[in-house]
Amino acid sequence: DTAVSQTPKYLVTQMGNDKSIKCEQNLGHDTMYWYKQDSKKFLKIMFSYNNKELIINETVPNRFSPKSPDKAHLNLHINSLELGDSAVYFCASSQEAGPYNSPLHFGNGTRLTVT
Amino acid sequence: AQTVTQSQPEMSVQEAETVTLSCTYDTSESDYYLFWYKQPPSRQMILVIRQEAYKQQNATENRFSVNFQKAAKSFSLKISDSQLGDAAMYFCAYRPYISNFGNEKLTFGTGTRLTIIP
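Rules used throughout
Residues numbered from 1 in each chain as written. Chains lettered and ligands numbered in written order. Predicted model: local features only at pLDDT ≥ 70, side-chain atom pairs only at ≥ 80, totals over all residues. Heavy atoms only, no water. Helix = DSSP H or I, 4+ residues; strand = E, 2+ residues; numbered from the N terminus. Buried < 20%, exposed > 50% of the residue type's maximum accessible area, 1.4 Å probe, protein only. Contact = heavy atoms within 4.5 Å. Pairing = 2+ DSSP bridges. Axes fitted to C-alpha atoms, helices over the stretch in contact; angles between N-to-C directions.

### Section: the side chain of A:D85
Residues and elements named next belong to chain A.
Here's step 1: By secondary structure assignment, the location of D85 is in the loop between β8 (73–78) and β9 (87–94).
Here's step 2: Note on D85: relative accessible area 4%, which makes it buried.
Here's step 3: Beyond its immediate sequence surroundings of up to four residues, D85 is in contact with K36, R63, F64, I78, S80, L112 and V114.

### Considering the sheet that holds strand β1 (residues 4–7) of chain A
Residues and elements named next belong to chain A.
Here's step 1: With antiparallel pairing, the 4 strands of this open sheet are ordered in space as β1-β3-β8-β7. Among the strands making up the open sheet, the edge pair consists of β1 and β7 (64–70). Strand-to-strand twist in this sheet, taken as the mean axis angle between neighbours without regard to direction, amounts to 20°.
Here's step 2: Examined bridge by bridge, strand β3 (residues 19–25) and β8 share 4 bridges and lie antiparallel to one another. Looking across to β8, one finds that I21 is bridged to L76.

Next up, the structure:
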């Protein structure tokens, strides 16, 4: 059973288009994240949600809009795609429980290529 | 702001030998978590090992162990009896100890690419 699943696995699109990446976790976690991994493999957080509430927004352009319909889902919508948006996007989840927090569980990533 | 530094972009080791990957971090916090994640060519991010800063004992997980030096802010990963399947990018990561739900972001190092020589 896949714990954190992202779709699609690959996404190739042209500049200016709007696209979405979906993420679902079946671990019962209440916190979900989006991370971006650039061409140099550097991973950086973009957003986090806890129980559908936005907690972290790391100076990401307004063209990126996360949406969390429920705590098991966190989708990422990107408007007016630019060449620099090409990257691998990882969804992750964790269970926050006061002083003890579970490690992040990552999805398999979505490789976005903007041409 | 916290930073994580991995000074070895690439490492290689002979199969069955031992290799150590370095990681240093900078923080003003006294309580935090440290992690090593592995990313094989499949792209999946796999948790290798985790260390709580308040624990003096170094974490071990089968062939993987860490050398956690809190005063020096060093967190190296030792892989014993290296296997071909260990070939991957290895990322060191830091997370603060905050009970503020959802604010526990991971800060990653730039990664070390490990090659296993048969």
